[in-house]
Each structure stands twice: as C-alpha cells, then as structure tokens.
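Notes for the structure review
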Amino acid sequence: MDKVDKYVGKVKEVFSRAPNKHAAHESSWELLEEISYDSGFLTDALRRHLRLPGVLNRRHYPVVAIPVVSHPSFTMVLNCWIPQPDSNTNLSTKAIHHHGALLLTTTNIFGIGYEHWIFTKPELADPDARLFTLRLDGHRLHGPHQAAFVDSQIPHLPFYPSELTITLALWSNSLPTSWKDYVKKAPIFRGREEQLRRIAVPLGLAKALDIKVVQDFDFFPVPEGFKPMRERREFPLGPNRDYLYSLFHVIQGTGNESLTSIIEEQLRDTVDDRVTVDMLLGALKSGTPIYPRLSEGHTNQPHANFTKQQLQQSLTM
Ligand SMILES: [Fe+2]
C-alpha cells in the first residue's frame, strides 16, 4: 500500500475521533513521529508529486513545497527548506508571521533541522506609528524527528538550515470542520483556491466562507520594535532553472534516485527547460552532486530576511 494513503488514512481517523482540532493535533504527534522514521512516506509523496502535469515547469520559491493531501479537516504539505550556499544559519527565511485561526504541527522528517523561534502575541505599542511589541517565547532547533505545535495567532519564525531539511506540516483550522470546508475542497475549486479567494474577498464572502484574508499576519524588526505588514509581501519567484536544481537536489539528497523513471515520463509533455532537466537527470543517474539554489531576491528582503542580532535589538525583554 502507498505510504501516503496509509498515513493520511490514519490522520483522518485521528481527526474524526478527536473532540476538537487542538486534541486532533495532539493525538497526531505519535503518528507524525512514526512518519518521520518511515522514509517510504517521502518517496511515495515525491512519486505522486513528480507525476503532476507541469511539475518541471514551475518557478522558484525559497521553500520547495510538495503538497500531500487537502482534506476538509486538514492539509498536509512537505516543505523542503533549502540552505544558503555558505550554510549560514543566521538569517530568517521569512517575516515573523502567524497563521490566523490555523493550527500547525510541523515535524522534521529529513535533515538536521533549523532554528525555530516562537513569540508571544503581538501587542500594539504605538497606534500612530503602527508599532508592535513582541516577546520571545522560546527558540530551539527543530531537530530530526521532532514535532512542534504552533497555535493560532502565535507568531513564529524559521531560520535557514545549514543543510536540506524537510518538514511535514499538518494544518487545520482551529474551528470545527463545517460545510464551508467541504465547499472549499469541492472538485470545482480544487487547485483554484487563489481564484476562489480573489472572487470571494471583494464580494465580502471571505467571512461567510471562512477564507483567510492575510492582514497584519507578518512583522519585521525596526529599531523601535516591530512593524506589521498590512498585506503579506511574498518573495519574488525565481527562475525555473533554480527550481529544477533545488527539486533535483531534494530527490538526490533524500536518496530517491529511483524516481528518475517517473521524471522521464514527464518528458513526453512539454518541458520548458529540457536542457537543464536532461543535465540534472544525467547527474541523478551518475551520482554527480546536485546543489540546491536560492534565487535573486530570496535572501535580501529587509521585511523578511534578518539576523538574530537584528531581532534581539527589537525584542522587548
Ligand atoms: Fe509559519
């Protein structure tokens, strides 16, 4: 049996039995730890991902995401955290952010891990200047096989890892699953979540459908404290070539060269950069090391990339 089906089935059971979403996350810990010791899960998730149409034509985001399942009660995604070329870990991977009403359990299933900082809820310190106070609630290495829970509205921050690290993120709303969740996961909207958001938000349906509108979810340090981002500013997407290097690094780095034949099936369809794909396929077959890439604009955004020292200076002790 495919390991994705096996474990997703178990998570579904946990969520159907649990009295609420917090309890479901807590009851999933043991299962997520079990997944972290079963490399077959990653292999099967990668196999499914590599069969998706156009998977080799995507542009590059600094974290390579491999969606696993989207269920009305929960979502699971594998996040592949790409290191910086010099393995420097003293840089944040994004802005300090929370996920609104969503609950997150993240489990390190591959690699050395990254430093993960968790903060207290932001307090508005100066309404005129829109300045917030944040306190550090804790920081630790999100190390191998470790799970971490991030509650709703709680700001957190992952730093760059020194080497490829893959986490399995289990997401759910903190509220009970309702008809709205089934509407959002209906086949007509599947893969069109962004379109649904664009239609629903201007019509004032975001609240009715419980669609996440990201406002003041992100913060960055300034000398006087922390500034919110009214609307989330995402990283610019890098070129497809960088994405291919990172994706193939994930395949090689996790010992999944046996999936080469699945990638070759993609060559029957249009592949934008056939030259790079052929070269990387050759490297997979010959065992030549493939190094991941970050793109221009992925490590130099003042609102998203800052050092631990910059953060410390803005924190309220
Ligand atoms: Fe997050």
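Below: a short report on this structure.

Scoring rules and cut-offs
Residues numbered from 1 in each chain as written. Predicted model: local features only at pLDDT ≥ 70, side-chain atom pairs only at ≥ 80, totals over all residues. Heavy atoms only, no water. Pairing = 2+ DSSP bridges. Helix = DSSP H or I, 4+ residues; strand = E, 2+ residues; numbered from the N terminus. Axes fitted to C-alpha atoms, helices over the stretch in contact; angles between N-to-C directions. Contact = heavy atoms within 4.5 Å. Salt bridge = Lys/Arg side-chain N within 4 Å of Asp/Glu carboxyl O. Buried < 20%, exposed > 50% of the residue type's maximum accessible area, 1.4 Å probe, protein only. Expected span 1.5 Å × (residues − 1). Arc of directions from axis to C-beta. Parallel < 35°, antiparallel > 145°, perpendicular 65-115°, else oblique. Left-handed = near helix turned anticlockwise from the far one by under 90°. Nonpolar A, V, L, I, M, F, W, Y, C, P; charged D, E, K, R; others polar. Polar contact = N/O pair within 3.5 Å; in protein donor to acceptor, adjacent residues only side chain to side chain.

As for the sheet that holds strand 4 (residues 102-110)
- Taken in spatial order, the 5 strands make up an open sheet running 1-2-11-4-9, and their pairing is antiparallel. Looking at strand neighbours, the two that pair on one side only are strand 1 (63-70) and strand 9 (147-150), the edges of this open sheet. Neighbour to neighbour, the strand axes of the sheet diverge by 20 degrees on average, direction disregarded.
- By the bridge criterion, 8 bridges tie strand 4 to strand 11 (residues 165-173) in an arrangement that is antiparallel. Within strand 11, the residue paired with Thr107 across the bridge is Leu168.
- Lying on the sheet, helix 3 (residues 39-50) is in contact with strand 1, strand 2 (75-81), strand 4 and strand 11; it crosses strand 1 at an angle near 95 degrees.

Section: the pattern of salt bridges
- Under the definition given, this model contains 14 salt bridges.
- Taking the shortest distance from any N to any O, the salt bridge between Arg48 and Asp2 comes out at 3.1 Å. Taken as a pair, Arg48 in helix 3 and Asp2 in the segment before helix 1 (3-17) lie far apart in primary sequence, 46 residues in all.
- With a relative accessible area of 35%, Arg48 lands in the partly exposed category.
- Judged by its relative accessible area of 24%, Asp2 falls in the partly exposed class.

Let's talk about helix 8 (residues 274-286)
- Its 13 residues place the ends of helix 8 18 Å apart at the C-alpha level, agreeing with the 18 Å of an ideal helix rising 1.5 Å per residue.
- When helix 8 is considered as a whole, its buried residues turn out to be Thr276, Val277, Leu280, Leu281, Ala283 and Leu284. Around the axis of helix 8, the buried residues are gathered within 160 degrees of arc, so they sit on the same side. For helix 8, the exposed residues lying more than 90 degrees away from the buried face are Val275, Lys285 and Ser286.
- Elements that come into contact with the buried residues of helix 8 comprise helix 6 (240-253) and helix 7 (260-266).

Focus: the packing of helix 1 against helix 2 (residues 21-36)
- Contact geometry of helix 1 with helix 2 gives a least axis separation of 9 Å together with a crossing angle of 155 degrees. By the angle class used here, helix 1 and helix 2 are roughly antiparallel. In this structure, the crossing between helix 1 and helix 2 has a hand that is right-handed. Residues Tyr7, Lys10, Val11, Val14 and Phe15 of helix 1 touch helix 2, and the partners they reach there are Lys21, Ala24, His25, Ser27, Ser28, Leu31, Glu34 and Ile35.
- Across the contact of helix 1 with helix 2, the residue classes break down as 7 nonpolar, 3 polar and 3 charged.

Overview of helix 6
- In this model helix 6 runs 19 Å from its N-terminal to its C-terminal C-alpha over 14 residues, within 8% of the 20 Å that 1.5 Å per residue would give.
- Counting buried positions along helix 6 yields 12 of 14 residues, so the element is predominantly enclosed.
- Every buried residue of helix 6 is accounted for by Asn240, Asp242, Tyr243, Leu244, Tyr245, Ser246, Leu247, Phe248, His249, Val250, Ile251 and Gln252.
- Each element contacted by the buried residues of helix 6 is listed here: helix 3, strand 1, strand 2, strand 11, helix 7 and helix 8.
- Count one or two residues on from helix 6 and you reach Gly255, which has phi positive near 70 degrees.

Observations regarding the environment of Lys308
- When you line up the elements, Lys308 lands in helix 9 (residues 308-314).
- With a relative accessible area of 17%, Lys308 lands in the buried category.
- Considered as a pair, Lys308 and Leu91 are 217 residues apart in the sequence and their alpha carbons are 7.0 Å apart.
- Once you skip the residues sitting within four places of it in the chain, Lys308 turns out to touch Thr89, Asn90, Glu115, Trp117 and Phe159.
- Within the local environment of Lys308, its side chain forms a polar contact with the side chain of Glu115, the two groups lying 2.9 Å apart.

So, to be careful, I would describe these as geometric facts and stop short of saying anything about function.
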